[in-house]
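# A closer look at the structure
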Amino acid sequence: MTQSRIALVTGASRGIGKAIALGLAERGFDLALNDIPKQKTSLENVAAEIAAMGRQAKCYFADVSSKSEVENMIGSIVNDLGTVHAVVNNAGILIASEVETLPEQAWDAVMDVNAKGTFLVIQAVLPLMKKQKYGRICNIASIGGKHGAPEQAHYSASKAAVMGFTRVLAQEVGPLGITANCICPGIIYTDMGRVNLDDPATRAIWQSRTAMARIGDPEDVAGPVAFFCSDDSAFVTGQTLNVDGGIVLS
Ligand code: NAP
């Protein structure tokens, strides 16, 4: 593509989503940035950083688990920016609880944001991508969706759902010039990642289980996501790439 490309990144106010947005801007994308309204200031700060890089960035406040909010958001993006070439479904939540005591609302909340949110955003952008016969979809799953850890059964289920969804989506949309892939981050230093890192003993265990002997930074995820959003990955679809410093090697 020679024209300026537009990427939508959900949950972009901080952590991995922010790093992905900045990484895409560095690589020439204009950005539609999403998060929930309570992150207004943080998201606007990310937009300002991107504007300072000479790229366009606009903020869209929507809960990805709400069909109407997602549809309104995509409508606004089309009005403002014309279309969407790449989508990164990054918004996610983690509520730690063992299965036996897991409140039903926590199961629903995690599935709603992580799994249904991904589906709703894709469903809303597909007509645009089909029309332009071009699209790059990158869904952020997790190594937790492959392995998982205690107190994260519902999170693991939601991320496994994202991977299964993406594999089938890739088959449906492949003939239309659209690719769909997943990234599985390992343990990354963010507000969410701290669940696994606050306790020094737990942090040391994760570090020792990682081939690269360090915890990941949000920026470590940005490059692989940019690959899936680019034409370098034009013939790569339905794949799930671990970005975990080699945790699964041990
Ligand atoms: P984070 O620091 O908690 O950031 C997630 C962002 O998504 C927050 O700004 C959050 O806002 C937003 N968000 C939550 N619910 C939303 C909704 N319904 N609609 C729109 N935005 C919403 O998390 P992170 O560590 O950067 O994680 C980003 C993604 O990577 C997630 O999908 C996560 O599951 C995945 N991941 C993270 C790790 C890790 O170690 N950090 C590992 C594997 C996978 P609020 O916080 O205000 O709700």
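Before reading further, recall that the structure is shown in the block above.
Cut-offs applied
- Residues numbered from 1 in each chain as written.
- Predicted model: local features only at pLDDT ≥ 70, side-chain atom pairs only at ≥ 80, totals over all residues.
- Heavy atoms only, no water.
- Near = heavy atom within 4 Å.
- Polar contact = N/O pair within 3.5 Å; in protein donor to acceptor, adjacent residues only side chain to side chain.
- Areas by Shrake-Rupley, 256 points an atom, 1.4 Å probe, with all protein chains shown as cover.
- 1 Å grid on protein atoms, 1.4 Å probe; cavity = no way out; pocket = protein on both sides within 12 Å on 5 of 7 lines; lining within 4 Å.
- Sits in = over half its atoms within 2 Å of the grid points.
- Salt bridge = Lys/Arg side-chain N within 4 Å of Asp/Glu carboxyl O.
- Helix = DSSP H or I, 4+ residues; strand = E, 2+ residues; numbered from the N terminus.
- Buried < 20%, exposed > 50% of the residue type's maximum accessible area, 1.4 Å probe, protein only.
- Phe/Tyr/Trp six-rings, centres within 6.5 Å; stacked < 30°, edge-to-face > 60°.
- Lys NZ or Arg CZ within 6 Å of the ring centre and 35° of its normal.

## Regarding the site of the ligand
- The ligand sits among 31 residues. The nearest are Arg14, Gln39, Asn90, Tyr155 and Thr190.
- One nitrogen or oxygen atom from the side chain of Gln39 is found 2.6 Å from an oxygen atom belonging to the ligand.
- Thr190 places a side-chain nitrogen or oxygen 2.5 Å from an oxygen atom of the ligand.
- Protein contacts shield 94% of the accessible area of the ligand, which totals 880 Å² for the unbound molecule.
- Most atoms of the ligand, that is more than half of them, are within 2 Å of grid points of the largest pocket.

## Structural notes on the pattern of salt bridges
- The final tally for this structure, using the stated rule, is eight salt bridges.
- Measuring nitrogen to oxygen at the nearest pair gives 3.3 Å for the salt bridge that ties Lys67 to Glu71. You can see Lys67 and its partner Glu71 sitting in helix α3 (residues 67-81), four residues apart, about one turn around the helix.
- The closest approach of N and O atoms between Arg194 and Asp191, which form a salt bridge, is 2.6 Å.
- Classification of Asp191 by relative accessible area gives partly exposed; the value is 43%.
- Linked through salt bridges whose partners overlap, the residues forming this network are Arg14, Asp191 and Arg194.

## Some points on the packing of aromatic side chains
- One pass over the full model with this rule turns up two aromatic pairs.
- Between Phe227 and Phe228, the aromatic rings sit 5.5 Å apart at their centres with planes inclined by 40°, giving tilted as the arrangement.
- One Lys or Arg, Arg209, reaches over the ring of Trp206 and ends 5.2 Å from the middle of that ring.

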